[in-house]
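One letter stands for each residue in the lines below.
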Amino acid sequence: MKDHQKTSWDVRTLVFLGALVAMHLVLTRVFVLELGFARISLGSVCTILAGLWFGPVAGAVVGFTADIVGCFMKGYAVNPLITLAAILWGVIPVLFRPLFLKGSRVKKSMWLCAGVTLASVISSLGLTTAGLVLFNGFNFFAIMPARIIQFCVMTVVYCVITNLLFFSPATNVIQGLQRHKMRSNP
């Protein structure tokens, strides 16, 4: 676990993080369904995986970078609450990591889903909704029903995709690269 807490990254790690930022941008700015106060996209999965694979600092960096670059791409003003929400997508699920590294596959999946759900509650329902209301002038009571529906649907989608990718050979590849880095840097 200590290798995930280091903040010094080699070139290989930076390339992976850059690829995750790029995938996040494509999934949130290109392949997206914009509904004004709601956005249907899969980009947060990239931020979650960055945190799970490389640690909470990496998850925060990917979320922050993707949000800032995405704002510039679309011509949006940076909304600090939404940026904080993007950062927390990469941090909160990692807090559950010790719980889903042990036990049966079902237990692991349940704990991973608990982390993703908590991130979704805080980031999507809490901070993003507050950012839309405070900075964009949306009426809380007008947007909340649709945001709750979006939350329910997208949280399930995020949990399924994150489980499929985290418990796949991709995680073994990432961990193998990290072990190789540790052996080559005594």
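So, here's what we can say about the structure. Since this is a predicted model, take the numbers as computed values, not measurements.

Attention shifts here to the nonpolar core. If you look at the biggest cluster of nonpolar residues, it comprises 28 residues, and the most contacted ones within it are L20, L52, W53, F54, V116 and F166. Broken down by secondary-structure element, the contributors of at least two residues to this core are α2 (11–30), α3 (44–54), α4 (56–74), α5 (80–95), α6 (105–136) and α7 (140–166). The dominant element in this core, judged by the number of residues it contributes, is α3, at eight residues.

This part takes up the side chain of S124. Looking at where S124 falls in the secondary structure, it is placed in helix α6. Its relative accessible area of 12% is what places S124 among the buried residues. Those residues in contact with S124 that lie beyond four places of it in its chain are W89, A119, T129 and R147.

Turning to α3, a few remarks are in order. Burial within α3 is extensive, with 11 of its 11 residues counted as buried. Residue G55 follows α3 closely and has a positive phi angle near 105°.

The next subject is α6. The α-helix winds at 3.6 residues per turn, so residues separated by three or four positions along the chain end up facing the same way. A maximum bend of about 30° is found in α6 at S120. Following α6 by one or two positions, G137 adopts a phi angle in the positive range, close to 80°.

Glancing now at the packing of aromatic side chains. Taken as a whole and assessed by the stated rule, the structure comprises seven aromatic pairs. Measuring from ring centre to ring centre gives 6.0 Å for F16 and F54, while their planes differ by 40°; the resulting arrangement is tilted. On the criterion of sequence distance, the pair formed by F16 in helix α2 and F54 in helix α3 is long-range, its members being 38 residues apart. Ring geometry for F100 and F167: centres 6.4 Å apart, planes at 80°, overall edge-to-face. On the criterion of sequence distance, the pair formed by F100 in the loop between α5 and α6 and F167 in the loop between α7 and α8 (169–184) is long-range, its members being 67 residues apart. For F167, a relative accessible area of 23% gives the class partly exposed. Following the ring pairs from residue to residue traces out a cluster consisting of F100, F166 and F167.

The rules behind these values
- Numbering of residues begins from 1 in every chain and follows the order in which that chain's sequence is written.
- Note on the predicted model: pLDDT of at least 70 is required for a residue's local features to be given, and 80 or more for side-chain atom pairs to be given and counted; whole-chain, interface and lining totals, by contrast, use all residues.
- Hydrogen atoms and water are omitted, and side-chain values are computed over all heavy atoms in the structure.
- Within this scheme, the nonpolar core is defined by two criteria: the residues are buried Ala, Val, Leu, Ile, Met, Phe, Trp, Tyr or Cys, and they are joined through side-chain atoms within 4.5 Å.
- Burial here depends on accessible area, computed with a 1.4 Å probe over protein chains only, as a share of the maximum for the residue type. Under 20% is buried, over 50% is exposed, and the range in between is partly exposed.
- Runs of H or I in DSSP of at least four residues are treated as helices and runs of E of at least two as strands, each being numbered from the N terminus.
- Two residues qualify as a contact provided that any one of their heavy atoms is within 4.5 Å of a heavy atom in the partner residue.
- To obtain the bend at a residue, axes are fitted to the seven residues ending there and to the seven starting there, and the angle between these axes is taken.
- Note on aromatic pairs: the rings of Phe, Tyr and Trp (six-membered ring only in Trp) are paired at centre separations within 6.5 Å, and the planes decide the class, stacked below 30 degrees, edge-to-face beyond 60, tilted for the rest.

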